[in-house]
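Secondary and tertiary structure notes
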Number of protein chains: 2
Amino acid sequence: MTFRSEMERVAGRVEQRLAALLAPDTASPEEPYETAAPLGEAMRYAALGGGKRLRPFLLIQSARLFGVPEQNALDTACALECVHCYSLVHDDLPAMDDDALRRGRPTVHIAFDEATAILAGDSLLTIAFETVSAPKCHDDPAIRAELTHLLAKASGWQGMALGQALDLAAEQRPFSPDETTAMQKLKTGALFRFACEAGAVLGGADDASRAALIRYANAFGQAFQLADDLLDAQGDAAAMGKAAAKDAERGKATLVGLLGIEGAKAKLAGLVAEAEEALDPFGEKAGTLIEAARFVAERRS
Amino acid sequence: MTFRSEMERVAGRVEQRLAALLAPDTASPEEPYETAAPLGEAMRYAALGGGKRLRPFLLIQSARLFGVPEQNALDTACALECVHCYSLVHDDLPAMDDDALRRGRPTVHIAFDEATAILAGDSLLTIAFETVSAPKCHDDPAIRAELTHLLAKASGWQGMALGQALDLAAEQRPFSPDETTAMQKLKTGALFRFACEAGAVLGGADDASRAALIRYANAFGQAFQLADDLLDAQGDAAAMGKAAAKDAERGKATLVGLLGIEGAKAKLAGLVAEAEEALDPFGEKAGTLIEAARFVAERRS
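Not measured: the values here are computed from a predicted model. Residue numbers here run from 1 along each chain, matching the order of that chain's written sequence. For this description, chains carry letters from A and ligands carry numbers from 1, given in the order in which they are written. Per-residue local features of the predicted model are confined to residues with pLDDT of at least 70, and side-chain atom pairs are confined, for both listing and counting, to 80 or more; whole-chain, interface and lining totals are unaffected and use all residues. Side-chain calculation: all heavy atoms of the structure are included, whereas hydrogens and water are not.

A closer look at the overall build of chain A
The helix and strand labels rest on DSSP assignments: H or I over at least four residues marks a helix, E over at least two residues marks a strand, and numbering proceeds from the N terminus. When you go through chain A residue by residue, the secondary structure sums to 16 helices and two strands. Sorting the 301 residues of chain A into buried and exposed places 59% on the buried side. Of all intrachain contacts in chain A linking residues separated by at least 6 positions in sequence, the fraction that spans at least 24 positions is 74%. Here chain A has roughly 11,600 Å² of accessible surface; of this, 52% comes from carbon and sulfur atoms. Note on classification: 1.4 Å probe, protein chains only; a residue is buried when its accessible area is under 20% of the maximum for its type, exposed when over 50%, partly exposed between these limits. Contacts are assigned to residue pairs that have any heavy atoms within 4.5 Å of one another. For every accessible area listed, the method is Shrake-Rupley and the probe measures 1.4 Å; residues are considered covered only by the protein chains on display.

Observations concerning the interface of chain B and chain A
On the side of chain A, 51 residues touch chain B, which itself brings 51 residues to the contact. Buried surface at the junction of chain B and chain A, both sides included, amounts to about 4,200 Å², of which 75% is carbon and sulfur. What counts as a salt bridge is simple: a side-chain nitrogen of Lys or Arg found within 4 Å of a carboxyl oxygen of Asp or Glu. Seen at the junction of chain B and chain A, the total is zero salt bridges. Polar contacts, as used here, are pairs of N or O atoms within 3.5 Å; protein pairs need one atom able to donate a hydrogen and one able to accept it. Residues neighboring in sequence count only if both atoms are side-chain atoms. The interface formed by chain B and chain A contains eight residue pairs in polar contact (both at pLDDT 80 or more). Elements with a contribution of two residues or more to the side of chain B that touches chain A: helix H2 (33-36), helix H3 (39-47), helix H5 (70-91), helix H7 (114-132), helix H8 (141-155), helix H9 (160-169) and helix H10 (177-187) of chain B. A total of eleven residues in the side of chain B that touches chain A trace back to one element, the largest contributor, which is H7(B). Classification convention: Asp, Glu, Lys, Arg as charged; Ala, Val, Leu, Ile, Met, Phe, Trp, Tyr, Cys, Pro as nonpolar; all other residues, Gly among them, as polar. A breakdown of the residues in the side of chain B that touches chain A according to their chemical character gives 32 nonpolar, eleven polar and eight charged. The term buried area refers to how much accessible surface (probe radius 1.4 Å) is lost by two components on association, counted for both of them together.

Structural notes on the pattern of salt bridges
Two side chains bearing opposite charge may form a pair once their charged atoms approach each other closely. Throughout the structure, instances matching the rule amount to 36 salt bridges over all chains. A salt bridge links A:Arg64 to A:Glu6, with the shortest nitrogen-to-oxygen separation between them at 3.1 Å. A residue pair is termed long-range when its members are at least 10 positions apart, and A:Arg64 in helix H4 (residues 54-64) and A:Glu6 in helix H1 (residues 3-21) qualify at 58 residues. With a relative accessible area of 36%, A:Arg64 lands in the partly exposed category. The closest approach of N and O atoms between B:Arg9 and B:Glu6, which form a salt bridge, is 3.1 Å. Highlighted residues: B:Arg9 and B:Glu6, both in helix H1 (residues 3-21), separated by three residues, approximately one helical turn. A single network of salt bridges, built from pairs that share partners, joins A:Glu6, A:Arg9, A:Arg13, A:Arg64 and A:Glu70.

Digging into the packing of H8(B) against helix H11 (residues 189-202) of chain B
The relative placement of two packed helices is expressed as an angle between their axes plus a distance between the axes. Residues and elements named next belong to chain B. Only the contacting stretch of a helix is used when fitting its axis, a line to C-alpha atoms as for every element, and angles between N-to-C directions run 0 to 180 degrees. Put simply, H8 and H11 touch, their axes get as near as 9 Å, and they point 170° apart. Relative to H11, the element H8 lies roughly antiparallel. Facing Ile143, Glu146, Leu147, Leu150, Leu151, Ala154 and Ser155 of H8, the residues of H11 in contact are Ala190, Leu191, Phe194, Glu197, Ala198, Val201 and Leu202. Orientation categories follow fixed angle ranges, with anything under 35 degrees roughly parallel, anything over 145 roughly antiparallel, 65 to 115 roughly perpendicular, and all other angles oblique.

Examining the nonpolar core
By size, the foremost hydrophobic cluster in this structure holds 191 residues, and its most contacted members are A:Tyr216, B:Leu124 and B:Tyr216. Once residues lying within four places of it in the same chain are set aside, the contact partners of B:Tyr216 are B:Leu58, B:Cys196, B:Ala275, B:Ala278, B:Leu279, B:Leu289, B:Ala292 and B:Ala293. Nonpolar core, defined: a set of buried Ala, Val, Leu, Ile, Met, Phe, Trp, Tyr and Cys residues in which side-chain atoms within 4.5 Å join the residues together.

Quick look at the packing of H3(B) against H7(B)
All names here are of chain B. Two elements in contact, H3 and H7, have axes separated by 9 Å at closest approach and are oriented at 70°. In terms of their interaxial angle, H3 and H7 are classed as roughly perpendicular. Of the residues in H7, those in contact with Leu39, Ala42, Met43, Ala46 and Ala47 of H3 are Thr116, Leu119, Ala120, Ser123 and Leu124. Of the residues contributing to the contact of H3 with H7, the split by class is eight nonpolar, two polar and no charged.

A few points about a positive patch on the surface
Residue and element names in this part refer to chain B. Taken together, Arg4, Lys52, Arg103 and Arg105 make up a surface patch of like positive charges. Summarising the element assignment, arginine 103 is placed in the loop between strand S1 (101-102) and strand S2 (105-106). Note on arginine 103: relative accessible area 35%, which makes it partly exposed. Only residues above 30% relative accessible area that lack a salt bridge enter a patch, with like-charged residues linked at up to 9 Å and the nonpolar side chains Val, Leu, Ile, Met, Phe, Trp and Tyr linked at up to 5 Å. A residue counts as positive if it is Lys or Arg and as negative if it is Asp or Glu; His and the chain ends are not included. To locate a charge, the coordinates of NZ of Lys, CZ of Arg, CG of Asp or CD of Glu are taken.

A closer look at the relation of the copies chain B and chain A
Here the copies are matched by least squares. The fit uses the C-alpha atoms of residues with pLDDT of at least 70 in both. For the pair chain B and chain A, the best superposition has an RMSD of 0.0 Å and corresponds to a rotation of 180° with a translation of 0.0 Å parallel to the axis. With respect to symmetry, the two chain copies, as superposed, fit the operation of a two-fold axis. Closest approach to the rotation axis within chain B is made by the C-alpha atom of B:Ala145, at a distance of 2.6 Å. Most of the interface of chain B is mirrored in chain A, where 100% of its interface residues are also at the interface.

Focus on unusual backbone geometry
Positive phi is not limited to glycine here, since A:Arg53 has a value of about 55°. Inspection of the secondary structure assignment puts A:Arg53 in the loop between helix H3 (39-47) and H4. With a relative accessible area of 2%, A:Arg53 lands in the buried category. Within the chain, B:Asp98 stands out as a residue other than glycine whose phi angle is a positive 55°.

A look at the packing of aromatic side chains
All names here are of chain A. In this scheme Phe, Tyr and Trp rings, the latter by its six-membered ring, pair at centre separations within 6.5 Å, and the angle between planes marks the pair as stacked below 30 degrees, edge-to-face above 60, and tilted otherwise. For the structure on display, the rule yields 15 aromatic pairs over all chains. Ring plane angle 55° and centroid distance 5.6 Å describe the contact between phenylalanine 3 and phenylalanine 295, whose orientation is recorded as tilted. Residue phenylalanine 3 is found in helix H1, and its partner phenylalanine 295 is found in helix H16 (residues 287-298); the two are separated by 292 residues along the sequence. Across the pair, exposure class does not vary: phenylalanine 3 and phenylalanine 295 are buried alike. Ring geometry for phenylalanine 66 against phenylalanine 282: centres 5.9 Å apart, planes inclined by 90°, an arrangement best described as edge-to-face. Taken together, the residues span a long stretch of sequence, with phenylalanine 66 in the loop between H4 and helix H5 (70-91) and phenylalanine 282 in the loop between helix H15 (255-278) and H16 at a distance of 216 residues. Among the residues examined, phenylalanine 282 registers a relative accessible area of 9% and is labelled buried.

A short note on the environment of A:Ala46
Residues and elements named next belong to chain A. Position of alanine 46 relative to the elements: it lies in helix H3. Taking the relative accessible area as the measure of exposure, alanine 46 reaches 13% and is therefore buried. Once residues lying within four places of it in the same chain are set aside, the contact partners of alanine 46 are Cys85, Val89, Arg103, Val108 and Leu124.

Structure (structure tokens):
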């Protein structure tokens, strides 16, 4: 099976499980909430039918290193994807990045309204914690509690949400390369780190294996962001499914702006090499994760 | 100790613990995030220095019925309060209820800005799950996982967030008394129910005790909302710390509008009686919870 088809296969399973988690509540037909409020519909619009499901893929592949069956990692992977989708819905809001297009479709506050988008984001964040703490997620409650705690730390005021706050602050005053890297490590890096660390937790990995995966995740996250910035600087709107070069226009902090395109490409190659090196302890088993790092560096959309 | 002074004592402990949970991260002085982004400051503004801490109080008193020391219920109580504070920050946003004043102070999006308010709400929601899943919260990971799951269900798209979505929908078309009750059971009732149910979980209560507390919580929540609506219909801005009669002006669904003031007062008395009756199985131990139900029905602010 090629890497691409493996990614698509996993994305299909994630899509299917997310659809079940977000299915309308037909058990209470006497309470026709679906017609009164489009909250569930907006959550499904935001979370279903799109995306490469890269974070769930990393989580499932990291867990596989330790022999964890895909089924046993699937709900944690879906919880992570819900956190990612929530962050996109809120980041797109008029008060934040004010984006009208996402993956070639109107963003949630355009397709519905702003109040519904805020509540749908809130609810996707909440269902992530409902999912990862549920008995169905994992037999061992200690694992569930640990995963919940890690996911909350990765998402919140000392993780992804802080990264977004710093990214907004960077529109007000120029960030140095170090500050930009630190911001991106939070904004996009925290969830990639969770993906890999959760795989280690699910697999009962030892400290050295966990540390190796965290090192991989950090390099992977930086490579992902840098490739995204390069696409943004070079790409066109059609390939990205969003307004191209928008970040640069708004004076957003990107390493491409700070290093130049050639400098950024050299750094990107170094990050992919670092990600591969971090996986040395796992040998051939880590082939798919290595391909994933190359994939994000080379992607065109 | 009188009921009022007991409430104030517990509120003081909750305030102190919340302040510790939300303290600026001085462990990383090389990362001066506090100056770059006011996210933590906005969270503290939203969560500290105000409120009766009614939900934490109910949780701690419910746990006490089963002999749970206050210290062992405190972090769960603070997690619940963080969810409550998040909901206030987001409900006050311009796209939602558009309120400029809360407890006599500018709301978060006025005191800071809208993006910071969205992120501060998101982060208060997230820190709730970080707190309730943390080893410090409770020794038993199975209890932590169960509390996390219950709190997420109470807060999300089939709980409080759905209630807020329905409340917004009620501005568009008139809700019947039954619909209004169902909406309020979600919007304000879900967190009161969690408060009491979490006490039962922390106390290892049997099913009958848990059911009794849930019945109490449902009556309590309805009484709280009805008293709030009565204050809104009769009160003045100074006593409420917010614009009076605003809900009525906007055509928001309230039972006072549907039942009239005298009808609402009669219903309120019935709810308090039901709350008391639900606690019969606990005998004298439930005295404080009974006083709490009377307190919310009679409060003037």
